[in-house]
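# Architecture and fold: a report
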Amino acid sequence: MSIVAESPGFEIAEEALLERFLDTLWMEQGLSDHTLAAYRSDLKGAAVFLQRQAKTLTGAQRQDLLAYLTQRVKAGARPRTTARLLSSLRRFYHYLVREGRLQADPSAQIAAPKLGRPLPKSLTEHEVESLLETPDVKQVLGLRDRAMLELLYASGLRVSESIALPVSQLNLRQGVLRVVGKGNKERLVPLGEEAADWLERYLNEARPSLLRGRISDALFVTQRGTAMTRQAFWHLIKRYARQAGIRTNLSPHGLRHSFATHLLNHGADLRVLQMLLGHSNLSTTQIYTHVARERLKGVHAAHHPRG
């Protein structure tokens, strides 16, 4: 889809500018394909709106961007979505100013919507046990899925980190794995005996059957011998959650949130949790203290004689 359709020459120039911006984000910050696709979608959406107003991204003024954001709010965009759109615009215009293509950032004086801090939804320990036991481990795919679920819950990996994990980054003898997370930052994550046992079974019994002699660096592979996709694994998680009778509206990060919450509930240190999750700032990890606090309130209310 083209960014603008005013004149063919400018259309190509602005399209190329957007791609150079995304390439810069990838090179400087190591953003994932998923994140870059979100930036592309946000900026092209803004460009389509501006095109209808006979404007362009590079020629837009503050009032033009405000009109776009207002239109999205009227169409039902939530504050978090609006904040993300504004963030995408700001990064793009900051890049243009830095490159000397604009003198001023038209998004600089636009206030971001105030956001509440939603608590991440996690499963109870019983629900996690039910979910982990759902795959039929007598089947090759079931054994693969059990190993993947065990790994996510034992390590707190993002789904994207799990599916991108190469076999070479896994050390079952030492019980650790090396993860390359956001911003190309590496971290070592312990596995635990249970997850290590399931991964060893998967590597010995299921993965060779799935590959059928084909070569792949990916730890988790499909029947075609290719790496799992984020979308495919997310569908698997939802399917197993339904089979396990879990009514919680599980997100792709559901097991990651459960990993963090359960560690805190059992006395883990917040700094250690930050390192395990790969958070750059402790403030990102601190949201889990609210989760643990709410859980403690619930336990107190349910079991204390004067709760």
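Above this note sits the structure.
Rules used throughout
- Residues numbered from 1 in each chain as written.
- Predicted model: local features only at pLDDT ≥ 70, side-chain atom pairs only at ≥ 80, totals over all residues.
- Heavy atoms only, no water.
- Helix = DSSP H or I, 4+ residues; strand = E, 2+ residues; numbered from the N terminus.
- Contact = heavy atoms within 4.5 Å.
- Areas by Shrake-Rupley, 256 points an atom, 1.4 Å probe, with all protein chains shown as cover.
- Axes fitted to C-alpha atoms, helices over the stretch in contact; angles between N-to-C directions.
- Left-handed = near helix turned anticlockwise from the far one by under 90°.
- Nonpolar A, V, L, I, M, F, W, Y, C, P; charged D, E, K, R; others polar.
- Core = buried A, V, L, I, M, F, W, Y, C linked by side-chain atoms within 4.5 Å.
- Buried < 20%, exposed > 50% of the residue type's maximum accessible area, 1.4 Å probe, protein only.
- Pairing = 2+ DSSP bridges.
- Parallel < 35°, antiparallel > 145°, perpendicular 65-115°, else oblique.
- Phe/Tyr/Trp six-rings, centres within 6.5 Å; stacked < 30°, edge-to-face > 60°.
- Salt bridge = Lys/Arg side-chain N within 4 Å of Asp/Glu carboxyl O.

### Focus on the overall build of the protein
Per the secondary structure count, the protein includes 13 helices and three strands. Contacts spanning at least 24 positions in sequence make up 57% of the contacts within the protein whose residues lie at least 6 apart. Summing over all exposed atoms, the protein offers an accessible surface of approximately 17,000 Å²; the carbon and sulfur share of this is 51%.

### Focus on the packing of helix H6 (residues 140-155) against helix H8 (residues 193-211)
Helices that pack against each other are described as a pair by the angle of their axes relative to one another and the distance between those axes. One can describe the packing of H6 onto H8 by two numbers: an axis separation of 8 Å at closest approach and a directional angle of 150 degrees. Here H6 and H8 pass one another in a crossing that is left-handed. In this structure, H6 contributes Val 140, Leu 141, Leu 143, Arg 144, Arg 146, Ala 147, Glu 150, Leu 151 and Ala 154 to the contact, and H8 contributes Glu 194, Ala 195, Trp 198, Leu 199, Arg 201, Tyr 202, Glu 205, Ala 206, Ser 209 and Leu 210. When the residues that make up the contact of H6 with H8 are grouped by side-chain class, the tally is twelve nonpolar, one polar and six charged.

### Structural notes on the nonpolar core
Nonpolar side chains in soluble globular proteins tend to end up buried together. Grouped together as the largest cluster of nonpolar side chains are 39 residues, with contacts concentrated most on Leu 151, Leu 177, Phe 220 and Phe 233. Elements that contribute at least two residues to this core include exactly helix H5 (125-132), H6, helix H7 (159-163), strand E2 (176-180), H8 and helix H9 (230-243). The contact partners of Phe 233, leaving out residues within four places of it in the chain, are Met 148, Leu 149, Leu 152, Val 159, Ile 163 and Met 228. With 27 residues, the next largest nonpolar core counts Leu 43, Ala 60, Tyr 68 and Leu 69 among its residues.

### Some words on the sheet that holds strand E3 (residues 186-190)
Spatially, the three strands line up as an open sheet ordered E1-E2-E3, and their pairing is antiparallel. Every interior strand has two partners, whereas the edge strands, strand E1 (170-171) and E3, have only one. Pairing geometry for E2 and E3, over five bridges, is antiparallel. The partner of Val 180 across the bridge, within E3, is Glu 186.

### Description of the packing of H6 against helix H10 (residues 254-265)
Following both chains from N to C, one finds H6 and H10 inclined at 40 degrees, their axes separated by 7 Å at the closest point. Taken together, the axis directions place H6 and H10 in an arrangement best described as oblique. Crossing angle aside, the handedness with which H6 passes H10 is right-handed. Residues Leu 149, Leu 152, Tyr 153, Ala 154 and Ser 155 of H6 form the contact with H10, whose own contacting residues are Leu 255, Ser 258, Phe 259 and His 262. Taken together, the residues that form the contact of H6 with H10 break down as six nonpolar, three polar and no charged.

### Things to note about the packing of aromatic side chains
Under the defined criterion, the tally for this structure stands at six aromatic pairs. Consider the rings of Phe 21 and Tyr 95, whose centres lie 5.5 Å apart with planes at 50 degrees: the pair is tilted. With Phe 21 in helix H1 (residues 8-29) and Tyr 95 in helix H4 (residues 79-98), this residue pair connects regions lying 74 residues apart in the sequence. Its relative accessible area of 7% is what places Tyr 95 among the buried residues. Three or more aromatic residues joined by ring pairs form one cluster here, namely Phe 21, Tyr 39, Phe 92, Tyr 93 and Tyr 95.

### Remarks on the environment of Ala 108
In this structure, Ala 108 sits in the loop between H4 and H5. For Ala 108, a relative accessible area of 42% gives the class partly exposed. Distance in space between the C-alpha atoms of Ala 108 and Leu 86 is 9.8 Å, their sequence separation being 22 residues.

### What about the pattern of salt bridges?
One pass over the structure, following the stated rule, counts twelve salt bridges. Between Glu 19 and Arg 40 there is a salt bridge, with its nearest N and O atoms 3.0 Å apart. With Glu 19 in helix H1 and Arg 40 in helix H2 (residues 33-52), this residue pair connects regions lying 21 residues apart in the sequence. Under the relative-accessibility criterion, Glu 19 is labelled partly exposed at 25%. Of the charged contacts, one joins Glu 99 and Arg 98 as a salt bridge, the two residues approaching to 3.8 Å between their closest N and O atoms. Accessibility expressed as a relative area gives 45% for Glu 99, which makes it partly exposed. In this structure Arg 98 comes out as partly exposed when scored by relative accessible area, which is 44%. Where salt bridges share partners, they join Glu 28, Arg 98 and Glu 99 into one cluster.

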